[in-house]
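# Structural overview for review
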Amino acid sequence: ESRGIRTGSQIVGFPKRYPSIHEQYKSTARMLHKMGYYKGLTMAIECSLRNENTFVIIDCPSGSGKTLAGVALSLLDHRQTPKALIGGAPVAVVHLVWPKAVGLQRIYRDIVKQTGVNQLFFDRASAFDYVALNSIDDATEKEQYVRDNLLDVLFPGMDSALESADAKKNSQKSFLVIIDEIPEDPMGVKLVCEIRDALKLVKNLCLVLSGTNSKASNMIYLSESKGVASSRNDDPSLWAVIVTRLPRFVMDSSFVATKWDEMNQPQFTMLSQILDAIKCSISNGGNPRIIVFAIEAAFEEFQQHKDLLTTSDISESFSKADYFYQWQEAFSDNVLQNKFASTSFTRSFKGLAGQLNLLIEAAATADLSDVLLGHHFAYRAIPDNAATASSKQGAVFRDCGGCLYLARQRDRAVGRSLFFFRGLPSEHDAASEAAAFYSWQTTCFSPPHADVLLYLMACRSQGYFTVTVASAYCVFRAHELVLSSWKSNAAGLLNFQNPKIINSGSLLEVLMSAAVSNAAGRASATHGFVPFLREFGAELGIPLTRVGSIFANDQILSEIQVPKFIFPGQNRLLSKNRYLVSLKGVLGTAERQENDNGFDLVMQAIGSSPTDSVRFEAKDQNKFGTDDLIDATRKLLRGTSNVGVLVLRGCNLYWGSDEVNINNRKTLQEGLKLIPKLGKVYLILGSGFVELLSIHEHASATGRLILFQVPESSVRETLETRRG
């Protein structure tokens, strides 16, 4: 904003046209180098150069700038930039791309064209005799075998270069090989592992493997058994240097800077909510590619309505929120088409599981982390709960990654083969080993107050759980997705956020949490609480088709407005965010609660009064009697909250016309009269039938309880079917 009317191109000095995408990447990389954004990455390379038998992993989400990082490292090749040094020494760099990935992006084709030996190297690597290599006992002969039969196509005259005076004087390792887009298929991973183990034998060479989340993790996983077996001492040994944070989005170095500058003007107040959402993610180091998608979608909206966006020409029939909803849908479609379009139902369904993880803030297990959304946009390794998605200007290696060590014998015995330390080996000591991070592969997502675009892009026109299969549009409900992905974990422990477990209470909590967000997201805009209840019931598997009349005269419910976007997170953090304040009315939170609060979830629009919040609780009726129900109602309505939603499984005590049901209903009604605040109770049967119980009719009886029955039989049958 401080730049006034100057464009990003004017500031950076970009040429008007680039001869190739590669040149554009180089210009961006030079700018980031100059500003000190790659300090942490170069420190990682230096660390590997100083430690033999190691390699570097760049393990970051899609759109974080992995390929750009490879281009940035290529600029340090002393053959292109004679004065460039890594660790005070000149380095020759080759940037390779996995052959099957070359056609996926134009930048890959440009890189391969400039390298000139990409396919030749991988052909040589496929034909390389790794058995013969392993049969050689002498380490020097092994190294020479790799140079003569594998590396000669990348670095012609490598031996003479190693014997040069400059190399001997300045460099422990003089060569850097980057392999981009590490494959996922077993045969491809096996080949890359063999390449890696061969190149690690060369003393003057550093290998960098770059991939999106599970790709690099597969590399580590497949190598663990071999590495552990060969490590005979009981001291931890450095296995790999891993980078999981790359430079954040820098507007001045981006090709969308001119578009941003044109939109980001005070007179375009109708775009303020859109621009503030983008600024939120930029300021917190959100995913660069998602930010670019958002800016591109905003600019399309800007061009279409530019003449109507000034304050003097605002149409009364079109609000800021209307522009916001139009932009969000276009933004989400851009991401969907670029990263999630698939004709395979299996891949699409994995994408839905990723959406589910995002919405319930799941710490996913290994088998759930390899899902389409998590695979592309989740973060791992640095144990900071993804509070930052990328590194700041001048960030050191500790803020960008760390080291993976082979564990001691006692840890290997319990299956903990690798552990993670932030920062350089010199920063680690015996005392810090006790705090080693063994669960470094846990998948996590940036919270919505840090990267709101991540959550906005996940909501599609019919909610979060929609996919295209063979050009057809498929919509799933929360209960279909949660119940189909429900499995027990190996330890049999309770985990109230992880959908890969089996526990009656936690199942309902996960289902309820996902249902809240998806019920809100299916609306086209902010809407009333009664339409939300209809969608919420459908998410639970309850068809509420005729609820309008029974709720029509309830003023308490009719006054509640539900934002379209309900994200997991702490309401106070979103409400205090200076950029998200303007999104009041379109954005809200579903905040998970501590167990001692007596309820599970609070839904509230940001910037709204606590009296407008709605509390949710899930219980299993098999362990939950009438007295428990009354106590739960009291907790849901205590304080300033007026509305509580209670989801019960197998609740058949209060419905029906037989004498037992009638007596139970009377007992419940009499017990609830002990809560002076409670005015009405809505009993919603699994079939969709709704019955109203009037408790108190005085003016201060503003409390409302909505009780949903989730049929026990349907849950059990679905689980058993899925297990089968």
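A brief look at the structure comes next.

### Quick word on the pairing of strand β17 (residues 678-684)
The buried count for β17 comes to 6 of 7 residues, which makes it a mostly enclosed element. Direction of pairing for β17 relative to strand β19 (residues 703-710): parallel, over a ladder of 6 bridges. When the bridges of β19 are listed, isoleucine 684 appears paired with phenylalanine 708. As paired elements, β17 and strand β18 (residues 690-694) share 5 bridges and run antiparallel to each other. Residue pairing in the sheet places isoleucine 684 in a bridge with valine 690 of β18. The loop that links β17 with its antiparallel partner β18 comprises 5 residues; one of these, glycine 688, has a positive phi angle of about 105°.

### Regarding the sheet that holds strand β7 (residues 418-422)
Strand pairing within a sheet occurs via backbone hydrogen bonds; the two strands may be parallel or antiparallel. One open sheet accounts for 7 strands, arranged β2-β3-β4-β1-β5-β6-β7; its pairing is mixed. Each end of this open sheet is capped by a strand with a single partner; those strands are β2 (92-97) and β7. Each strand of the sheet is rotated relative to its neighbour by a mean of 25°, with strand direction disregarded. Of the pairings in the sheet, the one linking β2 to strand β3 (residues 175-180) comprises 6 bridges and is parallel in character. Bridging across to β3, histidine 95 finds its partner in isoleucine 178.

### A look at the environment of leucine 176
For leucine 176, the position within the fold is in strand β3. Judged by relative accessible area, which is 0%, leucine 176 ranks as buried. Spatially, the C-alpha atoms of leucine 176 and histidine 95 are 8.5 Å apart, while their sequence positions differ by 81 residues. Apart from residues no more than four positions distant in its own chain, leucine 176 is found in contact with Ile45, Leu73, Ile86, Val91, Ala92, Val93, Val94, Phe155, Cys206 and Val208.

### With respect to the pattern of salt bridges
Counting across every chain of the model gives 18 salt bridges. Across the pair lysine 673 and glutamate 670 runs a salt bridge whose closest N-O atoms are separated by 3.4 Å. Here the salt bridges do not stand alone but share partners, grouping Arg477, Arg522, Glu535 and Glu539 into one network.

### Observations concerning the nonpolar core
If you look at the biggest cluster of nonpolar residues, it comprises 102 residues, and the most contacted ones within it are Ile278, Trp327, Phe331, Phe529, Phe536 and Phe708. Excluding its chain neighbours within four sequence positions, the residues that come into contact with phenylalanine 529 are Leu557, Ile560, Val562, Met603, Val614, Val643, Val645 and Ile706.

### Examining the packing of aromatic side chains
Aromatic rings considered in pairs are described by the distance between their centres and by the relative angle of their planes. The final tally for this structure, using the stated rule, is 23 aromatic pairs. A centroid spacing of 5.5 Å and a plane angle of 55° characterise the contact between phenylalanine 536 and phenylalanine 616, whose relative ring orientation is tilted. Of this pair, phenylalanine 536 sits in helix α25 (residues 529-540) while phenylalanine 616 sits in strand β15 (residues 614-620), and the two are 80 residues apart along the sequence. Overall, the relative accessible area of 0% leaves phenylalanine 616 in the buried class. The lysine or arginine in question, arginine 196, covers the ring of phenylalanine 55, its NZ or CZ lying 5.2 Å from the ring centre.

### With respect to the environment of aspartate 252
Within the element layout of this structure, aspartate 252 appears in the loop between β5 (237-243) and α13 (257-263). A sequence separation of 221 residues divides aspartate 252 from methionine 31, and the C-alpha atoms of the two residues are 8.6 Å apart.

### Topic: the sheet that holds β17
Sheet architecture is open: 8 strands sit in the order β12-β13-β14-β15-β16-β19-β17-β18, paired in mixed fashion. Of all the strands in the sheet, just β12 (565-568) and β18 have a single pairing partner and so form its edges. Sheet twist, expressed as the average angle between the axes of neighbouring strands with direction ignored, equals 20°. Relative to strand β13 (residues 587-592), β12 runs parallel, the two being bridged by 4 bridges. Opposite phenylalanine 565, over in β13, you have leucine 587 as the bridge partner. Against the sheet, α25 engages β14 (601-605), β15, β16 (643-649) and β19, with an angle of about 20° to β19. Running over the sheet, helix α30 (residues 659-672) touches β17 and β18 and is turned about 45° from β18.

The rules behind these values
- Residues numbered from 1 in each chain as written.
- Predicted model: local features only at pLDDT ≥ 70, side-chain atom pairs only at ≥ 80, totals over all residues.
- Heavy atoms only, no water.
- Buried < 20%, exposed > 50% of the residue type's maximum accessible area, 1.4 Å probe, protein only.
- Helix = DSSP H or I, 4+ residues; strand = E, 2+ residues; numbered from the N terminus.
- Pairing = 2+ DSSP bridges.
- Axes fitted to C-alpha atoms, helices over the stretch in contact; angles between N-to-C directions.
- Contact = heavy atoms within 4.5 Å.
- Salt bridge = Lys/Arg side-chain N within 4 Å of Asp/Glu carboxyl O.
- Core = buried A, V, L, I, M, F, W, Y, C linked by side-chain atoms within 4.5 Å.
- Phe/Tyr/Trp six-rings, centres within 6.5 Å; stacked < 30°, edge-to-face > 60°.
- Lys NZ or Arg CZ within 6 Å of the ring centre and 35° of its normal.

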